[in-house]
Each structure stands twice: as structure tokens, then as C-alpha cells.
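For reference, the chains in residue letters:
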Amino acid sequence: MHLLLVDGSGYIFRAFHALPPLSRKSDGLPVGCVQGFCNMLFKLTQDMDGDEAPTHMAVIFDAKGKTFRDDIYPDYKAQRPPAPEELVPQFPLTRSATRAFSIPSIEMEGWEADDIMATYAVMARQAGMKVTIASSDKDLMQLVEPDGSIRLLDTIPRPGQPPLRWIGPDEVMTKFGVSPDKVIDVQALCGDSVDNVPGVPGIGVKTAAELINAYGDLETLLSRAEEIKQPARRQKLIDNAELARISKRLVTLEQKVPVEIGLDGLVRQPMRPSALFPFLKAMEFATITKRLATLLEANPDDFEADPELKAGGSTDVGAPQKSTSLSVAKAKLAANATPGTGPARHAAEEHARVKAIPVDYDAYEIVTTPERLAAWVDKIVDTGRVSIDTETTGLDPQMADLVGICLSTAIGEGCYIPVGHALPGDLLGGGGLVEGQLPIRDVLAALKPVLEDASILKIGQNVKYDMEVLERYGIALAPIDDTMLISYALDGPRYNGMDVLADHWLEHKCISFSELAGTGKNQKTFDQLDIAAAARYAAEDADVTLRLWHVLKPRLSAENATTLYETLERPLAPVLARMEARGIMVDRQILARLSGDFAQRAAAFEAEAHELAGQSFNLGSPKQLGEILFDKMGLEGGTKTKTGAWSTGADVLEDLALKGIPLARTIVDWRQLTKLKGTYTDALPTYINPRTGRVHTSYSQASVLTGRLSSNDPNLQNIPVRTEDGRKIRSAFVAPPGKVLISADYSQIELRVLAHIADIQALKDAFEEGLDIHAMTASEMFNVPVEGMPSDVRRRAKAINFGIIYGISAFGLANQLGIERSVAGEYIKTYFERFPGIKDYMDAQRIRVKAEGHVTTLFGRKIQFPNANSGNPSERAFVERASINAPIQGSAADIIRRAMIRMEGELQRAGVDADMLLQVHDELIFEVPEGAEEAAIPVIKRVMEGAAEPAVRLSVPIQVDAHAAKNWDEAH
DNA sequence: GCAAGGACGTA
DNA sequence: GTACGTCCTTGCA
């Protein structure tokens, strides 16, 4: 008989660095260790067949919480850093994997896995069984028996070594220099820095082994310490005898853990396809699924992926918004977020702990020597985690130069490494660097290994910025966590910005940049600041970022936002960083010509307007215009804005124009031209980066309520398209010679999402059949055949469809269509009758937002409405409309995010050379070599159309149209 | 020099 | 009727 014990927790921690990182394809969930673990279980059961085959088996895990060792020595394992972020979701998954393989998964509160394994090993040996412990943990070496009855088996994959390696008495001798029964005596002397076992200071493994071999055991050694010849060693042993005894108790494994399951309960069970395949499918492990299918002679297709574990499964991602799920959602809310239950309590405790630690500016360090820099690098390696912020000469990550880097590895600490502070320059330029700074090359060379180390987490606030800056200095920052994105995943864009986050969560007011550098045109750039003052500001940033991370990160699991963050937020940041870095080419000449054209035509309109008004006035002033139209000319039907000024919006002027006021038309035309000139033809060329010759927008990933991106500096998401003049501007966005642009856009994505979420059969059928959706709507509403339908009928239906998405009101629809409110009300009534389901959906959102303060997208993104129960009726009505729109707009936004996250990898896998440049809500713009568009378009369409899956299986087809051309206007 | 309001470009 | 960002004027400091 043979008992096989697997050290589950040990495997996860040790395999993490040995295995290549692996993400679940459909949503990016890290699963590398889970896969390694499954492979290991498979291998163990395969390789140990015949006489070696285990008859009994269990996987043992560490339970959460304290053990008796914490009572003996409070600092035990105290300095061990929290598990790397990528590991956290894998802990529960390895337990699920164990169960999937039909193996007992054992963990006991108050005991470490090692103690449980020791207990079972001894029990089994006494019962005459052979024991194998699958672990390479040196603490378990004390259990090895010289007769081979208890052995260890190292299963951590290592390149160039066999997958399974035995550890017997010889290997223990190599490691500790003693036989297994003396291992604990050696450990008692040499201690263990990882677990914080003190040992005797100054005594290492070699000396310890020498002493134990000479004196036999620890107690004999301590009682005869006086005899030791070396005076320093003798004194150390005498002084620290008690520390050695405590250390021995810490490292000695308990062999009498009161296990609930006896050896009989560990008898090996055959693997069951019904347990195995739902798990493997949910993890999307194709290879091992295939191998086990062959082994078990089963067909995996007979089984569905475990709904609790699969991407977008119900454990974390919010339940789809069917009205019946309201009570379920409430129950989940209560179960997960009540203070006092595990994760929520932990988050609250962390918050209280971190908030209580005051910020101490004097604790910050300015790093100016190679030694101190090396010390900080060591610190980062030790903790496996660092918060980082880069200070630069400006706000544009594609232009700004690096001035300094700040780091923090522990709350209350921080350092600033100045590298680019400049002496005051003259008109001709800079006056060189301030003395005392380390050379930037040396600093970057020293930091590069840790900043790129896959096992060291880099924490930042708006990390995308730092990634772009550092990329230009040859550093690929990864892996990352972003406090801004964590906050966004939890609370939406409410507390954007580090100062606001610090104020809200830490009740700490950060030094503001303006109090350091001034404001306005005399504002200093960071390189002109005094290093000492800059250091306080900069190191505070790193310190505060780390504090925020400690406060916010635990809330992700407590509030079920981990999947959202890890699949829809964090992986998008590096994608956006690359898009921003690529930029897009803009033809300066086209814009210059247009600008001249627009200027001339605008001037003509201006003269005409002055003529018609009978006086000169500023056409750009709505105030002056209103006074001329409604006071001086005395026109009827003017309305006032909420501030009491005359309303002169385009719709008002359009009305006046129809009533025969030519001035109104002239103003409308003038405004259009000056808008295009001011915002686009004149402004865009100023954004061309001299280094790259291209325009680099900046995407904000965390500022839109619904989960959309926004674009600024410049905004490339509102480049004109609707008018002929506008499209001329769009045609100035071009591909460089030898390349073409591809524009791929989702067709009617929001209406399709609506059809799915609200479960509207008629809409779903129409999309299934590929009908013109607005014409179909018109035909249903107004009983007009689609064939030969008047364009106005279709236009009305289109307005209604959009109205539904926007949370329709009779008032708004009437306004839009220029019809009576009562007529608009009738339209809406008819719509609800023809498309049953819409009204239910809308009511469900209204109820939900009032009851819970938020609504959710298909992918679990919460959209908060803090004033859903406002006393102000118009505010309430506004929230109702927004809460109807938000799941639709937000689900569509989540879908294109998923497409973007997958896109680069899929293009690469397909061997297609294509660069993703821009996103405009439902459209992606790529740049590809001429001739590659034929290959690129099918890949792009496939990724975009399949982006929701497998997290969500939409009940409507998703359609993407893609075209290639030399400029954006023609590609669109 | 700055903030607010109005207007208008996009999905 | 939803969601944004930018430009310009205005009014106040």
C-alpha cells in the first residue's frame, strides 16, 4: 500500500515562478498554476503505476488564519509578503481542480499543510504503508526515513531536469549536511529567513551541521556550549540558547494533528468524467482535456463547462439583468458585502489599519548613490512588490522627458531618484543637469530587471502613463496593478485622480503640484524644481499609491469586482499604452488647405451676418446674438436657458431659418465652419509629435460612467463625419506610404445588445435575418411595407429606436422629431405593444436602480447612481433614463474592450502584421501594410464578432463591417 | 488667470 | 431622451 500526499499550497507558490504565465483565453484570468497543478496530478498518477501506484491519495492545503506557531513566536512568517496578485484567484481553483480529479482536498484551520502531511505520513508508516510526499519544501525533509518508507518527490517543473525528482536521505544530506532525523536541530540553529525563524544569529547551515554532527543533537550542544573553542561562536550559542529552542519548536512538524478523515478516507477513487471535464472546460485547458479524454475513453463534448467557474460565470460576474434575478442579486449582495463576513471584514480592517498610519515626509529618501539604489532594488526583490511613479517634464507621455522616479515598498516609506533636474537655462536652452544626480542610464539599468520581472508587481496610479514614458527609455513595465483602475472597477469614475482618492480613503491631503510649481504660464516644469522639494512631493505619490492599493485591492474580492478588474480593466491598460504610442498619421497639407478654405467662407458668412443684422457683433457670442434676434429684432418664440440667457442653439436657429429669418441660417453655417476650423483644421496640426510625426491621443480608461473610453489631447473620438466639410477633415487621417487603414465597426451593436438583454424576440429575429432594423421597426409601427418605404417613415422609426436606447421620454422624442408630445407618446405606446419585453426591461432597471443604487452590464460592471432616490423629480427621471441606457451602452463598451484585449494576440497568432491605432466606441482603426488587408480583415472581424464569448453567449448575431483605404474617410 | 455656460463635434 | 471633450465668451478675481 502506498500513500501519496500532495503539498498543494507549496506547489502553487513554488510553481508560480517556474511556470510561464498563462491566462485563460476568453477573459484573461490567470490560470498558469492551475494548469501546472493539473498536469502534475495527471503526471503523478501516470508515472507511478504498477507497484509504485498509490493506493491512497490526498492534496493538503494551508488553511487561512493563525496556527500554534504564531503563539510561540509572533513574528513567525511575519515578513512574508502577500501572495502575488496573479496567484490569488488560483488558490480556490486548485482546490476545485483537486476535487475534479476525485482526490480528497484537505485543509484544517489552525494547522499548516506540513503538520497535516506529517500526521498522515506517520500514521501511514505505522500502518505499514509506503509514503510519498509530493513537495520540495525543505521543512518536510525532517520526515524522510532512511529505509525509504517516507520520501519526498519534487514536482516543480524545472528546465533541463526530469519532471519528477526523488528526495531521499542522500538529498537531505546534501541540503542540510545531516541525516533527516537531525534536520530540525540544524534548522533550529540556522533559522529560516523566509519564514522568519530566528535561529542563532550568525550561524548558517554549514556551521549548524558541523555542530550537530559533533555534539549529536541540539540539547547536548546547548548544554555543552561552554566547550566550544571559537569564542564568538560559543558566546552566540550561550546567549541565544532560548532562541534556538523556540526555533526548534517552530520548525518541528506536529505529527498528531486531529485529522477528521482517516487513512480509509484517502483510498484512491477512479477519475470521473462528469467531475473532470466540466472543470477542465471551464478552465479552457484543451491539451489535458484531450489527454484525459483518451485515457478515460470519454467524450468531453458530452459535458458543459462548469457554470460557476467558466469565464463570466456566476461566481463573480454579475448575473445577467433578467428581472427575476433581482432577489438573487440582493441575496448575493447581502452574503458578500456584509461587514463581518470574510473578505468584506478584511477590506474594512485593512482600510482602518492603513488610514491610521500618518504620512511622514521626513521618512522619505533621496537616492543619489549607487549603493542606495542597489539597496532599493534589493528591497523590491525582497518584497516582490513596489509602487512606482515617474516624474516628467510634462503631461504628454509621448513628449515628456523623465526627471525622476519614485518608489515605495512599504507604507510610510518612499524614495525619490532624481535623474533629470536641470540647471536654470538661458534663452538658447538648458544649462545642464543639477549636480549630485545619478546618471539616468545607470538608474534605468539598475531598475530595469525588477521593473520587468514577471514575479514583481508594479503598482501605480494611472500606470499607462508610466508604461509609455518608460517604454521610450527601453523599459517594459510589467506586471502591473493600477489603483486608478481598481477604484474605477469598484466605484466608477467617482474618485478619479490620486489626490481625490487620498483625500477620500486616507483623509490625507497630498501636496498639490501647483503649490510646488505655481500655476499658469509661469508654472515650472518638474525638471526646474528644487530636488528636495520635488522629492517630498514625488515620494509621497509612491507612498500614497501603495496605501491606496492596500485599501482598495481587498475590496475587489469583497465586492465581487475581481473578474471585472482582471479581465476588463487591467489587461486593457497596456493595450491602450501601445495604441497611444503608435499614434496616427495626419496630413498637414490637407488640413492647412481646409483651414484657409474655411476661413474665407466663414469671413463671408460673418460679413453677411453683420449685413443682415444691420450692425457689427461677435458671432461667437451667443449672448450678443440672442439680444439681436430676440430683443432688437423682436422675434417670437425665443426661449431662455436655465441662466436666463436667450437660447440660440442650432435647433432654435433652424426653426427661425424655416420661418424665413436668413440671419439664422447664416449663423448656423458660420458656426459649423468655425467649429471645424477651430477644433480640427487649426488645432490638430499642433498635436503632431515632432519626434514621431504622428498624432497621439490619450485614452482615459477610467472616466466614463458606463465603461466606455474617452479620448483627449486631442479627442480623436469626435472627428467629424456627418457633413461633407467634416468628412474632408476625416480624410486628412491617412496611412503612411506602403500602408492602408482598416476601419472595422460594429453594426447596430447597442440595438443588438438591447435585443439580447431585454429579450425582444422580434428584434432578435430581425437581426437573425439580417433585416434593415429601422425599416423593420417602421414597418411594425406604422404598418408600412419595407419595400418602397418613404425615407421619413424610416427616419421616425430610427429616432424611436435610438430613443429607446437613451431611456425614451415623450418629451424628448417630440423634440427630436418636431411633433406634438401627445403624438410622441402614442408612438412610444405602440412601440411597447409591438415589441413586448422592452417595457419590462425598462421597469426592471428603474426598480433596480432605486433598490440597489446601481445597474450592471452583461459582464458584471456596476454603474452607480448615488442619487437614484433624489428628492428632485427631474433628477430622478434623469437617473431612470440613464439607468436604462447604461447597461446597453456599457455592455457594448465591455464587448469592444474584450475585442481589444484579445486583438493583438490573435493578429500575431494569425501571422498578420497589423497595428491597432484608434477606438471610437464601436469602431477600431488599424494600420496594415498594403496587401495585408485581405488577411487582416477576417481576423479582425472574427475577434470583434466573437468578443462577448465565452463569458456571455449573446442570443443575437454580432456583425462587424470592415473596409480598407488610404484614409479614414474612405475606410469608414 | 480661472470657472462656468453655451454650443457642437462624435458614438 | 444616453455618454463624452473642446472651443469660445463671459464674468469675476
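Residues numbered from 1 in each chain as written. Chains lettered and ligands numbered in written order. Predicted model: local features only at pLDDT ≥ 70, side-chain atom pairs only at ≥ 80, totals over all residues. Heavy atoms only, no water.

### Things to note about the overall build of chain A
Right, so step 1: Check the secondary structure of chain A and you find 39 helices and 22 strands.
Right, so step 2: Since a compact globule built from 972 residues should have a radius of gyration of about 30 Å, the 34 Å found for chain A is in line with a globular shape.
Right, so step 3: Of the contacts made within chain A by residues no fewer than 6 positions apart, 69% connect residues no fewer than 24 positions apart.
Right, so step 4: Surface accessibility of chain A: about 42400 Å² in total, with carbon and sulfur atoms responsible for 52%.
Right, so step 5: For chain A, the distance from the average position of its 105 positive side-chain charges to the average position of its 133 negative side-chain charges is 2 Å. (Helix = DSSP H or I, 4+ residues; strand = E, 2+ residues; numbered from the N terminus. Rg over C-alpha atoms; globule rule 2.2 N^0.38 Å. Contact = heavy atoms within 4.5 Å. Areas by Shrake-Rupley, 256 points an atom, 1.4 Å probe, with all protein chains shown as cover. Lys, Arg positive; Asp, Glu negative; His and termini not counted. Charge placed at Lys NZ, Arg CZ, Asp CG, Glu CD.)

### Remarks on unusual backbone geometry
In terms of backbone geometry, most residues other than glycine have negative phi values and most peptide bonds are trans.
Right, so step 1: Along the chain, Ala478 connects to Pro479 via a cis peptide bond; the corresponding omega equals -10°.
Right, so step 2: With respect to the helices and strands, the residue Pro479 is situated in the loop between α18 (463-472) and β12 (480-482).
Right, so step 3: Cis geometry is adopted by the peptide bond preceding Pro950, which originates at Glu949 and carries an omega value of -5°.
Right, so step 4: Secondary-structure assignment places Pro950 in the loop between α38 (933-945) and β22 (960-965).
Right, so step 5: The backbone of Asn462 shows a phi angle near 60°, a positive value even though the residue is not glycine.
Right, so step 6: Relative accessible area serves as the criterion here: at 28%, Asn462 is assigned to the partly exposed category.
Right, so step 7: Backbone geometry at Asp759 places phi at a positive 60°, although glycine is not the residue there.
Right, so step 8: The topology assignment puts Asp759 in the loop between α30 (749-757) and α31 (761-768). (Buried < 20%, exposed > 50% of the residue type's maximum accessible area, 1.4 Å probe, protein only.)

### Some points on the UniProt feature "domain: DNA-directed DNA polymerase family A palm" (unreviewed entry) in chain A
Right, so step 1: Following the UniProt record, the feature "domain: DNA-directed DNA polymerase family A palm" (unreviewed entry) maps to residues 726-932 here.
Right, so step 2: Structurally, residues 726-932 is divided into 58% helix and 14% strand, and its ends, taken at the C-alpha atoms, are 29 Å apart. (UniProt positions renumbered as here; feature names shortened; annotations may be inferred.)

### Here we look at the protein's contact with DNA strand B
Right, so step 1: Around DNA strand B, the surrounding shell holds 26 residues, and the nearest of these are Thr641, Thr643, Thr648, Val721 and Arg722.
Right, so step 2: Of everything in DNA strand B that lies within 4 Å of the protein, sugar and phosphate atoms constitute 79%.
Right, so step 3: Interatomic distance of 2.5 Å between a side-chain N/O atom of Thr641 and a phosphate oxygen of DNA strand B.
Right, so step 4: The side chain of Asn718 places a nitrogen or oxygen atom 3.0 Å from a base nitrogen of DNA strand B.
Right, so step 5: With four residues, the single largest contributor to the surface near DNA strand B is helix α28 (residues 662-681).
Right, so step 6: Residues belonging to the surface near DNA strand B are distributed by class as follows: eight nonpolar, 11 polar and seven charged. (Near = heavy atom within 4 Å. Polar contact = N/O pair within 3.5 Å; in protein donor to acceptor, adjacent residues only side chain to side chain. Nonpolar A, V, L, I, M, F, W, Y, C, P; charged D, E, K, R; others polar.)

### Quick look at the sheet that holds strand β8 (residues 385-392)
Note: strands within a sheet are paired through backbone hydrogen bonds, in either parallel or antiparallel orientation.
Right, so step 1: In spatial order, the strands read β7-β10-β9-β8-β11-β12; together these six strands make up an open sheet with mixed pairing. Unpaired on one side and paired on the other, β7 (365-366) and β12 mark the two borders of the sheet.
Right, so step 2: Looking at chain direction, β7 and strand β10 (residues 415-418) are connected through two bridges and run parallel. Across the sheet, Ile366 pairs through a bridge with Tyr416, a residue of β10. (Pairing = 2+ DSSP bridges.)

### Looking at the state of the cysteines
In a disulfide, the sulfur atoms of two cysteines are covalently bonded to one another.
Right, so step 1: Across all of its chains, the model carries zero disulfides by this definition.
Right, so step 2: Looking at Cys406, it has no disulfide partner, and the nearest cysteine sulfur is the one in Cys415, 7.7 Å off. (Disulfide = S-S within 2.5 Å.)

### Brief notes about the protein's contact with DNA strand C
Right, so step 1: In the neighbourhood of DNA strand C, 32 residues make up the surrounding shell, with Ser621, Ser710, Asp713, Ala799 and Phe811 lying closest.
Right, so step 2: Expressed as a percentage, the sugar and phosphate content of the atoms of DNA strand C within 4 Å of the protein is 73%.
Right, so step 3: Contacts to DNA strand C include Ser621, whose side-chain N or O atom sits 2.6 Å from a phosphate oxygen.
Right, so step 4: Within the backbone of Asp713, a nitrogen or oxygen atom sits 2.8 Å from a phosphate oxygen of DNA strand C.
Right, so step 5: Elements with a minimum of two residues in the surface near DNA strand C: α26 (622-632), α28, β15 (710-712), α33 (791-805), α34 (810-817) and α37 (873-909).
Right, so step 6: If one sorts the elements of the surface near DNA strand C by residue count, α37 sits on top with five residues.
Right, so step 7: Taken together, the residues of the surface near DNA strand C sort by class into 10 nonpolar, 17 polar and five charged.

### So, the pattern of salt bridges
Right, so step 1: Applying the stated criterion across every chain yields a total of 56 salt bridges.
Right, so step 2: Salt-bridge contacts for Asp147 lead to Arg125; the nearest nitrogen and oxygen are separated by 3.3 Å. With a gap of 22 residues between them, Asp147 in the loop between β4 (130-134) and β5 (150-154) and Arg125 in helix α5 (residues 113-126) connect regions that are remote in the sequence.
Right, so step 3: Asp147 gets classed as exposed once you look at its relative accessible area, which sits at 53%. (Salt bridge = Lys/Arg side-chain N within 4 Å of Asp/Glu carboxyl O.)

### Some points on the side chain of Thr67
Right, so step 1: Along the chain, Thr67 turns up in the loop between β2 (56-60) and α3 (68-72).
Right, so step 2: Non-local contacts of Thr67, meaning those with residues more than four positions away in its chain, are made with Gly110, Trp111 and Glu112.

### Remarks on the sheet that holds strand β20 (residues 915-919)
Right, so step 1: Strands sit in the order β20-β21-β17-β22 across an open sheet of four strands; the sheet is antiparallel. Taken across any chain shown, the strands that pair with only one partner, and hence form the sheet edges, are β20 and β22. Strand-to-strand twist across the sheet, computed as the mean angle between neighbouring axes with direction ignored, equals 25°.
Right, so step 2: Both strand β17 (residues 739-746) and β22 contribute to a ladder of six bridges, which runs antiparallel. Bridge pairing links Leu741 to Ala965 in β22.
Right, so step 3: Its contacts with the sheet put α37 on β17, β20 and β21 (923-929), and the angle it makes with β21 is roughly 15°. (Axes fitted to C-alpha atoms, helices over the stretch in contact; angles between N-to-C directions.)

### Observations regarding the packing of aromatic side chains
For any two aromatic rings, the description comes down to two numbers: the centre-to-centre distance and the angle of the planes.
Right, so step 1: With the rule as written, the count across this model stands at 16 aromatic pairs.
Right, so step 2: Seen from their ring centres, Tyr831 and Phe835 are 4.7 Å apart, and the 40° between their planes marks the pair as tilted.
Right, so step 3: Ring-pair connections join several aromatic residues into one group, and the members of that group are Tyr416, Phe513, Phe526 and Tyr537.
Right, so step 4: Stacked on the ring of Phe61, the Lys or Arg Arg95 has its end atom at 4.2 Å from the ring centre. (Phe/Tyr/Trp six-rings, centres within 6.5 Å; stacked < 30°, edge-to-face > 60°. Lys NZ or Arg CZ within 6 Å of the ring centre and 35° of its normal.)

### Things to note about α31
Right, so step 1: For α31, the full list of buried residues reads Leu763, Lys764, Ala766 and Phe767. For α31, the angular spread of buried residues about the axis comes to 160°, placing them on one side.
Right, so step 2: Buried residues in α31 make contact with α30 and α32 (773-782). (Arc of directions from axis to C-beta.)

### Observations concerning the packing of helix α24 (residues 572-582) against α37
A pair of packed helices is characterised by two quantities: the angle between their axes and the separation of those axes.
Right, so step 1: The contact between α24 and α37 brings their axes to 9 Å, and the two run at 70°. One finds that α24 runs roughly perpendicular with respect to α37. Contact residues: Leu572, Val575, Leu576, Arg578, Met579 and Arg582 in α24; Arg897, Met900, Ile901 and Glu904 in α37. (Parallel < 35°, antiparallel > 145°, perpendicular 65-115°, else oblique.)

### Considering the confidence of the model for chain A
Right, so step 1: For chain A, per-residue confidence averages 91 on the pLDDT scale, and residues scoring 70 or more make up 96% of the total.
Right, so step 2: Every residue in residues 314-338 is under pLDDT 50, and counting partners more than four places away or in other chains gives 48 contacts. (pLDDT = per-residue confidence, 0-100.)

### Describing the environment of Arg234
Right, so step 1: Mapped onto the elements of the fold, Arg234 is located in helix α10 (residues 231-239).
Right, so step 2: Classification of Arg234 as partly exposed rests on a relative accessible area of 25%.
Right, so step 3: In this structure, the C-alpha to C-alpha distance between Arg234 and Arg224, residues 10 residues apart in sequence, is 9.7 Å.
Right, so step 4: Discounting residues that sit within four places of it in the chain, Arg234 has contacts with Ala225, Glu226, Ile228 and Lys229.

### A word on the pairing of β20
Right, so step 1: With respect to burial, β20 is a largely interior element, four of its five residues being buried.
Right, so step 2: Across four bridges, the pairing between β20 and β21 is antiparallel. Bridge pairing links Gln919 to Leu924 in β21.
Right, so step 3: Linkage of β20 to β21, two consecutive antiparallel strands, is achieved through a turn of three residues, within which His921 is found at a positive phi near 70°.

### A look at the side chain of Asp7
Right, so step 1: Topologically, Asp7 is positioned in strand β1 (residues 2-7).
Right, so step 2: At 3.0 Å, the side chain of Asp7 forms a polar contact with the backbone nitrogen of Gly10.
Right, so step 3: Those residues in contact with Asp7, other than ones at most four positions away along the chain, are Ile60, Ala113, Asp114, Met117, Ala134, Ser135, Asp137 and Leu140.

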